[in-house]
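# Overview (structure and organization)
Listed here are the chains, written in short residue letters.
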Amino acid sequence: MQKLNDLSRSSSPLDPDRTLIAVIEMSLSSWLVAGIVPGVKRQPLKKLAVDESALLKLLHRWREEAAKAGYPIKRIAVAFEAGRDGFWLARWLSARDIEAHVIHASSVAVSREHRRAKTDRLDTELLKRSFLGWLRGERDHCKMVAIPTIEDEDAKRPHRERESLVGEQSRIVNRMKAALIRLGIRNFNPKLKKAAERLDGLRTPEGEPIPPNTLAELRRDMARRQLVSNQLRQIEHARLERLKQAPGDGPHAMVRLLARVIGVGVETADMLVQEVLSRSMRDRRAVARYAGLTGSPDESGRRRREKGLTRSGNARVRRGMIQLAWRFLMFQKESALAQWFRGRTESAHGTRKTMIVALARKLLIALWRLVRAGVVPDGVALRPA
């Protein structure tokens, strides 16, 4: 029998007379809490400051009201949408014997009116209806997000910080090049080690030196770029040290195994493991869907067409896998996946960009099977252990 996916519907039976249900509409300044309390006819709605202790007191007060009405509460279920606040509140509530769930915001059905009314009060009503259907075990009311531990969240920070720093480094270099091109200087590389020493000797086509304000700006940008480069080296060095200290740890073992595939570097392996491969996925379809590498069909009557990628998954994994797919074609030319790609695109012009997404999806599933079951993809060359 196929195992139920508790992220799409609840597998626990719902006893409405013994369950206190609450949803939270969260913002930076306040929380709006709506509840369904057994034995209480009104639908309580309370606006709180951003205070977890006040929320806990409110839930306990509603539980006491239900007990006075003759409905002793055995289960408290709380839900809120995934957002800026992350998962700390769900972990905090779970530690206090309160069932906490985080709703995937895009899975809640809303009105398709052109200018639909939207207030916090209306949003709590939508969340209550969706959460109630989910608790009853009905499909497609909403989907829940897996709540990671604080260690899992912390493990993602290095490669995400590195991605941000790489983008910042590129912006700094492009800004320096643009400042020089405005003066007509095109044959200067600001990424060289001795670039700062060569600035004073640069001359415009008119034979003039770089103006003082522009020169000061370039020096500040070079100092900023040097700082970013040092931080990147620190992140990479710390990652290698962690892999050496605990090589047999679960995620670290996956990273070391993926890095053995020729064409896959440590940074790519670390990103894939922390973002998708270390998660508990049901099957290969769930893996591809999480990465946003599946299609979005548009079918109505006789119309049958494909609208392209859903783009509803993890954008980092999707970008990384598409880049890795191009690199895979360079380093793994004899693999079955590379031969499959060449066989599909050699006689069909203009399909390489479309088929590279299919290759990225197949490659991600193959890497998932490699780290989970040790199945090496056909023809893939590995580095020595």
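Structure's up top.
The following paragraphs examine the structure supplied in this document. (Residues numbered from 1 in each chain as written. Predicted model: local features only at pLDDT ≥ 70, side-chain atom pairs only at ≥ 80, totals over all residues. Heavy atoms only, no water.)

## With respect to unusual backbone geometry
Positive phi outside glycine occurs at Asp 97, with the angle close to 60 degrees. Its location among the elements puts Asp 97 in the loop between helix H2 (88–94) and strand S5 (99–103). The phi angle at Asp 140 is positive, at roughly 65 degrees, despite the residue not being glycine. Residue placement: Asp 140 occurs in the loop between helix H3 (120–135) and helix H4 (150–181). Asp 140 sits in the exposed class, given a relative accessible area of 65%. (Helix = DSSP H or I, 4+ residues; strand = E, 2+ residues; numbered from the N terminus. Buried < 20%, exposed > 50% of the residue type's maximum accessible area, 1.4 Å probe, protein only.)

## A short note on the pairing of strand S1 (residues 19–26)
A large share of S1 lies buried, amounting to 8 of its 8 residues. What you see with S1 is no split at all: Thr 19, Ile 21, Val 23 and Glu 25 on one side and Leu 20, Ala 22, Ile 24 and Met 26 on the other are buried throughout. Pairing of S1 with strand S4 (residues 75–81), which is carried by 6 bridges, proceeds in the parallel orientation. Its bridge partner being in S4, Val 23 is matched across the sheet by Ala 79. Strand direction decides the pairing type here: S1 and strand S2 (residues 30–36), joined by 6 bridges, are antiparallel. Opposite Glu 25, over in S2, you have Leu 32 as the bridge partner. (Pairing = 2+ DSSP bridges.)

## Side note on the sheet that holds S1
The sheet built from 5 strands is open, its strands ordered S3-S2-S1-S4-S5 with mixed pairing. Looking along the sheet, the strands with just one partner apiece sit at the ends: strand S3 (45–49) and S5. Here the strands of the sheet are splayed against their neighbours by 25 degrees on average, with no regard to which way each runs. Of the strand pairs in this sheet, S2 and S3 are connected by 5 bridges, and their pairing is antiparallel. Paired with Trp 31 across the strands is Leu 48, a residue of S3. (Axes fitted to C-alpha atoms, helices over the stretch in contact; angles between N-to-C directions.)

## So, the nonpolar core
Residues Leu 258, Leu 272, Leu 277, Val 317, Met 321 and Leu 364 are the most contacted members of the largest nonpolar core, which totals 40 residues. If you list the elements that add at least two residues to this core, you get helix H7 (250–259), helix H8 (266–277), helix H9 (284–290), helix H10 (315–331), helix H11 (336–345) and helix H12 (352–373). Per element, the largest residue contribution to this core is 13 residues, and it comes from H12. Not counting chain neighbours up to four residues away, the residues in contact with Leu 277 comprise Met 254, Leu 258, Leu 272, Leu 364, Leu 367, Trp 368, Val 371 and Arg 372. Core analysis: the next-biggest nonpolar cluster, separate from the first, contains 27 residues, Leu 20, Val 33, Leu 48 and Ala 90 among them. (Core = buried A, V, L, I, M, F, W, Y, C linked by side-chain atoms within 4.5 Å. Contact = heavy atoms within 4.5 Å.)

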